Amino acid sequence: MRIARFSIDGNVAFGAVEGESPPGTTDGLVLDIIKGIPFADFELSGTKVPLSKVRLLPPVLPNKVVGIGRNYADHAKELGNEVPDVPVAFFKPSTSVIGTGDAIAYPSFSQEVHYEAELAVVIGRMCREVPRERARDVILGYTCANDVTARDVQQREKQWARAKGFDSSCPLGPWVETELDPSDLTIQCTVNGEQRQLGRTTDMVRSVEDLIVHISEAMTLLPGDVILTGTPAGVGPLNVGDEVAVTIEGIGTLTNRVIKRG
């Protein structure tokens, strides 16, 4: 099931996305509005709205976004880094999250902002110290993410809080796909229609299950929390006016335009 969060006539709701559409369009897609929230038992209302008539919002509002750095060997290599012995974790605040179609505001304190296409894991229930064999049980589903990074700030400040946590640096969307095997998916990033990244989740150093185990050893994960699983090689700069799109097999496409921060 594809679960979207959307607004219509000033109201916010979740809905199940139904139908098929040509790539890059929402033609033919409708939302069956959900009674309740997707983190508990819910029913479909049977009230359907064309997707073209709503505004898609970030599919979840996470309490926290936990990112994992250097989880693809080729990406670590391209930035002159070794693959770490243990996963390198960092946080993006909830204020960094935006949805598909929202603008990425280029931060005034950076001169080099990069895209990073990533598979995002959405947590479905509160959990802590999750054993590996139960890791899939705590997942609601998966969505596309762009771990937008102020690369010059990351290199200059060493700590990644400002470089990866600025407002609008975590686009998520367009929806959450609940029925998906994340182990072998194509991840692609384009800028202004030109392919910049192309990789597969089979190249992740540590699997989704491994990451959930590692993170939940240290902290409680809450429904709606998001884990970013790392980016393939090919990261590069974004400029004001660029349109960046992240497409993941079996999920869909997350699209955002870069604007000057006002």
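Please refer to the structure placed before this passage.
Residues numbered from 1 in each chain as written. Predicted model: local features only at pLDDT ≥ 70, side-chain atom pairs only at ≥ 80, totals over all residues. Heavy atoms only, no water.

## Brief notes about the sheet that holds strand S16 (residues 194-200)
Inference 1: As summarised here, the arrangement of the five strands in space is S9-S20-S19-S15-S16, forming an open sheet in which the pairing is mixed. Two strands close off the open sheet at either side, each with one partner strand: strand S9 (103-106) and S16. Across the sheet, the mean angle separating the axes of adjacent strands is 20° when strand polarity is ignored.
Inference 2: Across five bridges, strand S15 (residues 186-191) lies against strand S19 (residues 243-248) in antiparallel orientation. Bridge pairing in S19 links glutamine 188 to threonine 247. (Pairing = 2+ DSSP bridges. Helix = DSSP H or I, 4+ residues; strand = E, 2+ residues; numbered from the N terminus. Axes fitted to C-alpha atoms, helices over the stretch in contact; angles between N-to-C directions.)

## A word on the pattern of salt bridges
Inference 1: Considering all chains together, one arrives at 16 salt bridges under this definition.
Inference 2: For the salt bridge of glutamate 18 with lysine 48, the shortest nitrogen-to-oxygen distance reads 2.9 Å. Taken together, the positions of glutamate 18 in strand S2 (residues 11-18) and lysine 48 in strand S4 (residues 43-50) put the pair 30 residues apart, joining distant regions of the chain.
Inference 3: Among the salt bridges present, the one from arginine 257 reaches glutamate 243, with a minimum N-O distance of 3.3 Å. (Salt bridge = Lys/Arg side-chain N within 4 Å of Asp/Glu carboxyl O.)

## Describing the nonpolar core
Inference 1: Counting residues in hydrophobic clusters, the biggest one holds 53 residues, and the most contacted among them are Leu119, Tyr142, Trp175, Val208, Ile212, Ile248 and Ile251.
Inference 2: If you look at the next biggest cluster of nonpolar residues, it comprises twelve residues, including Leu140, Cys170, Leu172 and Val176. (Core = buried A, V, L, I, M, F, W, Y, C linked by side-chain atoms within 4.5 Å. Buried < 20%, exposed > 50% of the residue type's maximum accessible area, 1.4 Å probe, protein only.)

## Description of the side chain of threonine 190
Inference 1: Turning to its location among the elements, threonine 190 is positioned in strand S15.
Inference 2: The contact partners of threonine 190, leaving out residues within four places of it in the chain, are Gln195, Arg196, Glu243, Val244 and Ala245. (Contact = heavy atoms within 4.5 Å.)

## Brief notes about the environment of glycine 19
Inference 1: By the secondary structure assignment, glycine 19 is in the loop between S2 and strand S3 (30-35).
Inference 2: A relative accessible area of 32% means that glycine 19 is categorised as partly exposed.
Inference 3: Taking the C-alpha atoms as reference points, glycine 19 and valine 138, separated by 119 residues in sequence, lie 27 Å from one another.
Inference 4: The residues touching glycine 19, leaving out its near neighbours within four places in the chain, are Arg2, Gly28 and Leu29.

## Brief notes about the side chain of glutamate 118
Inference 1: Tracing the backbone shows glutamate 118 in strand S11 (residues 117-123).
Inference 2: The buried charged residue glutamate 118 lacks any salt bridge partner; its closest oppositely charged side chain belongs to lysine 164, at an N-O distance of 5.5 Å.
Inference 3: Looking at glutamate 118, its side chain comes within polar contact range of the main-chain nitrogen of glycine 230, at 2.9 Å.
Inference 4: In this structure glutamate 118 touches Thr143, Cys144, Ala145, Asp147, Ile187, Leu228, Thr229, Gly230, Thr231, Val246 and Ile248, once residues within four positions along its chain are discounted. (Lys, Arg positive; Asp, Glu negative; His and termini not counted. Polar contact = N/O pair within 3.5 Å; in protein donor to acceptor, adjacent residues only side chain to side chain.)

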